[in-house]
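# Results of the structural survey
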Amino acid sequence: MSLNSNIPPGPMSDKWTDYKSKMPLVSPDNKRRLEVIVVGTGLAGASAAASLGEMGYNVKCFTFHDSPRRAHSIAAQGGINAAKNYKNDGDSVYRLFYDTVKGGDYRSREANVHRLAEVSNDIIDQCVAQGVPFAREYSGMLDNRSFGGVQVERTFYARGQTGQQLLIGAYQALSRQISLGTVTMYNRHEMLELVVVDGKARGIIARNLTTGKLERFAAHCVVLGTGGYGNVFYLSTNAMNCNVTAGWRVVKKGAMMANPCYTQIHPTCIPQSGEYQSKLTLMSESLRNDGRVWVPAKLEDAKAIQEGRKMGKDIPEEDRDYYLERRYPAFGNLVPRDVASRAAKVECDKGHGVVATGLGVYLDFESAFERYGKSKAHSMNLHNPSTEKIRELGVAEIEEKYGNLFEMYEKITGENPYKTPMKIYPAVHYTMGGLWVDYNLETNIPGLFALGECNFSDHGANRLGASALMQGLADGYFVVPYTIGPFLSKEIRTPKFSTDLPEFAQAENAVKERLQNFLDNNGNQSVESFHRRLGKIMWEHCGMARNAEGLKKAIGLIRELREEFHKDVFVPGTMDEFNPELEKAARVADFFELGELMCVDALNRKESCGGHFREESRTEEGEAKRDDENFAYAAAWEWPDVKNDPVLHKEHLKFEAIELKTRSYK
């Protein structure tokens, strides 16, 4: 099998413009004859369904939630990037393109990233027109703030609720199309199989999660916007229902999974407090704009804090180690997520952690209180204000910017972050790997497209903060409405597909057999217990740091656990009813296979890059060490049958517009 990325010829800055000018078109009359299935209603799925419906296609849209607004995009708090240069600090489309490629440690496809940077400005205009309440400066101009990995302010935000507000915008666009009849919405339906007819994606098998009934749906093509697979680790910042099943089912049909080992560990999460937890909570990276990360410089102070004999505010300034500012002076607390996460791990491994488990560092806002307070006092003509007054004014300013985040932290931890520093630690957040797609966002299965986090194309080995929302809306609003045309332009004479075709019956029977096997198992262990054990294996051996010995061990452990799962899992109830345990069983079964492939991919990639840190490949200073000579490629894995070994296909990455060099934030 060969990989054709279908990158248009010509200079990087002209590729997307020339592509749109010369691509095959589908006339408005012909669009009304064509059907498209969209799976997922997050930013990518909702915006794609709304856009395709607006264009005249007949869209069937699916979500396993009770409402499209429940998609996990709602949890992305911090902001969305765009190269508007409103701060006049030197930003441009090229700089956003460069920062994204560099942030991904030079393991992304240049052409896709440049297109993303180009359409970023259109996204902001679109969202403002939809009424998204972005923060504004006193003058009325949209405000910006910084995020990790860049030296400009390009992140647009709606307080600490950006994902929620953007999703409401996409949802209202989707709702308009539902009301007009161009989009038919299927809530509480989960895709469990792809239907391929004559080598092309022509439909899906979905389970009605309320009734348990398996249902067949046909279309001329299928678009997936189903998110990432971070829940393979069990503990992550993802919602509990986030899963890989839609993506993994198409892998079983022959689609390729690219770079599955690229997992993002977010540095700003509330530390785990006990084994009882089923998920972790993300504190927005936007907090690193004003918060300073530190640990006690003295081991005895760290020990006292861990034992509850001291608090962070008891440590004098001279005894604090602001380690990000010390190690990375050019970027300080705003280094990329992978760099900040590994640095926190290094300090905690040395014993300087600030929670009982030793796995936590401080995020302190005291300097910001003082800075903002002095500025506010000056603007109010308050001469010689007291220290208390300065702090009061500063706290008010921070509350206006991050109040909901501070409130959320206090509710979860019981600690007031205005009075004592926040405690944070890295946790699994986003996955850069995903389905392999070409420039058109089409997988190697013709007619099957993948958008947003479920594809691999834009972020390389590490995603910069505020770029997930950008990619989701770019793919849905401004990319796939064009790139779906070359495929559908050849289908205008293809009649609507009947779900009575034998391919649909075979796919439905395969799903029925798979689900029935779980119910007939009559084992002794819960699905949850297996998922938790899998997550521990993945975190220990394929988490923030990986090595060959650990990865080989993990592969063996996962295979043993998977075999035990299929022999001894207990799933109550029946198939033809509301049965959340059956839903979870099918999802965890797919996580077992994906987890093994992640470890295989990590073992194969004998270099450190971005979120993939191989302990055998590091510099003398302990930083990640890439191997561009041997690993400057996207690893696309073909694995339709787990009885055989996965097959690696390589898409070699070419860098025409950006010089391939060592990533440095010092």
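## Topic: the sheet that holds strand E12 (residues 292-296)
- Judged by pairing direction, the sheet is antiparallel, and its 5 strands sit side by side in the order E11-E15-E14-E12-E13 without closing on themselves. Sheet topology places strand E11 (263-269) and strand E13 (320-321) at the edges, where each strand pairs with a single neighbour.
- Here 5 bridges tie E11 to strand E15 (residues 422-431), and the two strands are oriented antiparallel to one another. Residue Gln264 lies in a different strand from E15, and its bridge partner there is Tyr430.
- Contacts from helix H10 (residues 337-349) reach E11, E12, E13, strand E14 (361-364) and E15, with the element oriented near 65° to E11.

## A word on empty space enclosed by the protein
- Tallied over the entire structure, the rule returns 5 cavities of 30 Å³ or more.
- Along the walls of the largest cavity sit 14 residues, with Gly227, Tyr229, Val244, Gly247 and Cys454 positioned nearest its centre.
- Of the residues assigned to the lining of the largest cavity, the class counts are 6 nonpolar, 7 polar and 1 charged.

## Some points on the pattern of salt bridges
- This structure, assessed with the given rule, holds 60 salt bridges.
- With its nearest N and O atoms 3.1 Å apart, the salt bridge here joins Lys87 to Asp143. Placement of Lys87 in the loop between strand E3 (80-81) and helix H4 (93-103) and of Asp143 in the loop between helix H5 (110-130) and strand E4 (155-156) is noted, with a sequence separation of 56 residues between them.
- The exposure class of Asp143 is buried, given its relative accessible area of 15%.
- One salt bridge connects Asp290 with Lys401, and the closest N-O pair in it is separated by 3.3 Å. Here Lys401 lies in helix H12 (residues 387-413) and Asp290 lies in the loop between E11 and E12, a separation of 111 residues in the sequence.
- Residue Lys401 is classed as partly exposed on the basis of its relative accessible area, which comes to 22%.
- Salt bridges sharing partners connect three or more residues here, namely Asp105, Arg107, Asp338, Arg342, Arg605, Glu607, Arg626, Asp628 and Arg663.

## Focus: the nonpolar core
- Grouped together as the largest cluster of nonpolar side chains are 189 residues, with contacts concentrated most on Ile80 and Ile484.
- The biggest single contributor to this core is helix H18 (residues 580-604), with 14 residues.
- Once residues within four sequence positions are removed from consideration, Ile484 is found in contact with Val36, Leu52, Tyr57, Cys221, Val223 and Phe449.

## Quick word on the domain arrangement of the chain
- Looking at the assigned domains, one finds that the chain contains domain 1 (36-264 + 429-488), domain 2 (268-427) and domain 3 (502-647).
- A straight line from the C-alpha centre of domain 2 to that of domain 3 covers 35 Å.
- Counting residues at the interface gives 12 residues for domain 2 and 10 residues for domain 3.
- Carbon and sulfur atoms supply 50% of the area that domain 2 and domain 3 bury against each other, a total of about 850 Å² over both sides.
- Considering only the surface of domain 2 that becomes buried against domain 3, Glu275, Arg342 and Lys345 emerge as the three largest contributors, covering 52% of it.
- Linking domain 2 to domain 3 there are 2 salt bridges.
- Between Glu275 and Lys536 there is a salt bridge; the shortest N-O distance is 2.9 Å.
- Applying the counting rule to domain 2 against domain 3 returns 6 residue pairs in polar contact (both at pLDDT 80 or more).
- At the level of secondary structure, the elements contributing two or more residues to the side of domain 2 that touches domain 3 comprise H10 and E15.
- Tallying contributions element by element places H10 first for the side of domain 2 that touches domain 3, with 4 residues.

What counts as what
Residues numbered from 1 in each chain as written. Predicted model: local features only at pLDDT ≥ 70, side-chain atom pairs only at ≥ 80, totals over all residues. Heavy atoms only, no water. Pairing = 2+ DSSP bridges. Helix = DSSP H or I, 4+ residues; strand = E, 2+ residues; numbered from the N terminus. Contact = heavy atoms within 4.5 Å. Axes fitted to C-alpha atoms, helices over the stretch in contact; angles between N-to-C directions. 1 Å grid on protein atoms, 1.4 Å probe; cavity = no way out; pocket = protein on both sides within 12 Å on 5 of 7 lines; lining within 4 Å. Points joined across faces, edges and corners; volume = space filled by probe spheres on them. Nonpolar A, V, L, I, M, F, W, Y, C, P; charged D, E, K, R; others polar. Salt bridge = Lys/Arg side-chain N within 4 Å of Asp/Glu carboxyl O. Buried < 20%, exposed > 50% of the residue type's maximum accessible area, 1.4 Å probe, protein only. Core = buried A, V, L, I, M, F, W, Y, C linked by side-chain atoms within 4.5 Å. Domains from an automatic or database assignment. Buried area = accessible area lost by both parts, 1.4 Å probe. Polar contact = N/O pair within 3.5 Å; in protein donor to acceptor, adjacent residues only side chain to side chain.

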